[in-house]
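# Summary of structural features
What follows is the residue order along each chain.
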Amino acid sequence: MSTTELPADHAELMDGVYRWQRHIYDLTRKYYLLGRDRLIDGLDVPQGGTVLELGCGTGRNIALAARRYPDARFFGLDISAEMLETASAAIAREGLAAKVSLARGDATDFDARALFGIAQFDRVFVSYSLSMIPSWEKTVSAALAALAPGGSLHVVDFGQQEGLPRWFRSLLRGWLRKFHVAPRASLRDVLESESQRTGATFRFRTLYRGYAWLAIVKIAH
């Protein structure tokens, strides 16, 4: 999907939310976007493999993953031009520009070959983005469609805080709404359903008493 085809309302909303926040995003989010590093450690990227991050934001995750798996190639997609500006600067600053490619696009409907010159990836991951994408179920389907045989989709996002006090859940939900974030109660069901539909294996675990959910969908060779 080219930038001219992006859903204008959501793209403008994300640019508005992050126009200033992007400068302090990584400093503040490290305290409550839990499980991201665990996801990266679990990617287990094959040597010379390809990795796509949907909703790459400031580039924090993709830079860490690129250093963690130095033989792989990385690709990042985000709908916000503001975030991509920050991500591009971070990737250049880290000296990773030769192995990381970024593009602006809609995670629910994208043409990877047109954007990156590659149609399938060994790994696709989505970190705390599904809770910000209105039609997030389409992102799950698009991510699975972009996987090469034997590839896997890795997702970490807010859970339902099922093991935490009710007052904490209320405070967290109120805070997240200020940034147009909504934990997806049906995330596990959708991932499991898509796994069954595609004949993939599905692994799911709760982190920090349900604060976050971590899932892996691995398709067959």
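Calculation criteria
- Residues numbered from 1 in each chain as written.
- Predicted model: local features only at pLDDT ≥ 70, side-chain atom pairs only at ≥ 80, totals over all residues.
- Heavy atoms only, no water.
- Helix = DSSP H or I, 4+ residues; strand = E, 2+ residues; numbered from the N terminus.
- Buried < 20%, exposed > 50% of the residue type's maximum accessible area, 1.4 Å probe, protein only.
- Polar contact = N/O pair within 3.5 Å; in protein donor to acceptor, adjacent residues only side chain to side chain.
- Contact = heavy atoms within 4.5 Å.
- Axes fitted to C-alpha atoms, helices over the stretch in contact; angles between N-to-C directions.
- Left-handed = near helix turned anticlockwise from the far one by under 90°.
- Nonpolar A, V, L, I, M, F, W, Y, C, P; charged D, E, K, R; others polar.
- Salt bridge = Lys/Arg side-chain N within 4 Å of Asp/Glu carboxyl O.
- Pairing = 2+ DSSP bridges.
- Right-handed = clockwise from strand over helix to strand, strands pointing away.

## Description of the side chain of Ser152
If you trace the backbone, Ser152 turns up in strand 5 (residues 147-158). What makes Ser152 buried here is its relative accessible area of 4%. Only 2.7 Å separates the side chain of Ser152 from the side chain of His154, close enough to count as a polar contact.

## Regarding helix 4 (residues 60-68)
Within helix 4, burial applies to Asn61, Ile62, Ala63, Ala65 and Ala66. Packed against the buried residues of helix 4 are helix 3 (36-41), strand 1 (50-54), strand 2 (73-78), helix 5 (81-93), strand 3 (100-104) and strand 4 (121-127).

## Digging into helix 7 (residues 136-145)
Residues of helix 7 that are buried: Trp136, Thr139, Val140, Ala142, Ala143 and Leu144. Looking at the buried residues of helix 7, the elements they touch are strand 1, strand 4, strand 5, helix 9 (187-198) and strand 7 (212-218).

## A few points about the packing of helix 7 against helix 9
The contact between helix 7 and helix 9 brings their axes to 11 Å, and the two run at 35 degrees. In the packing of helix 7 onto helix 9, the handedness of the crossing is right-handed. Between helix 7 and helix 9, the residues in contact are Trp136, Glu137, Val140, Ser141 and Leu144 and Leu187, Val190, Leu191 and Glu194, respectively. Partitioning the contact of helix 7 with helix 9 into residue classes produces six nonpolar, one polar and two charged.

## What about the pattern of salt bridges?
Applying the stated rule across the entire model yields four salt bridges. Arg60 serves as the salt-bridge partner of Asp37, at 2.9 Å between the closest nitrogen and oxygen. In this pair, Asp37 is assigned in helix 3 and Arg60 in helix 4, connecting sequence segments 23 residues apart. Classification of Arg60 by relative accessible area gives partly exposed; the value is 22%.

## Describing the pairing of strand 1
Strand residues, when the strand is regular, have side chains that alternate between the two faces of the sheet. The buried fraction of strand 1 amounts to five of the five residues, a majority that puts the element mostly inside the structure. Every second residue of strand 1 is oriented toward a common face, with Thr50, Leu52 and Leu54 on one face and Val51 and Glu53 on the other, all of them buried. In this sheet, strand 2 lies alongside strand 1 in parallel orientation, the contact comprising five bridges. Bridge pairing links Thr50 to Arg73 in strand 2. Crossover handedness for the path strand 1 to helix 4 to strand 2: right-handed.

## What to know about the sheet that holds strand 3
Within the open sheet, the seven strands sit side by side as 3-2-1-4-5-7-6. Their pairing is mixed. Unpaired on one side and paired on the other, strand 3 and strand 6 (201-207) mark the two borders of the sheet. Pairwise comparison of adjacent strand axes, ignoring direction, gives a mean angle of 15 degrees for this sheet. Relative to strand 5, strand 4 runs parallel, the two sharing six bridges. Within the sheet, the bridge partner assigned to Phe125 lies in strand 5 and is His154. Against the sheet, helix 4 contacts strand 1, strand 2, strand 3 and strand 4, and its axis sits at roughly 175 degrees relative to strand 2. Where helix 9 meets the sheet, its contacts fall on strand 5, strand 6 and strand 7, and the angle it forms with strand 6 comes to roughly 165 degrees.

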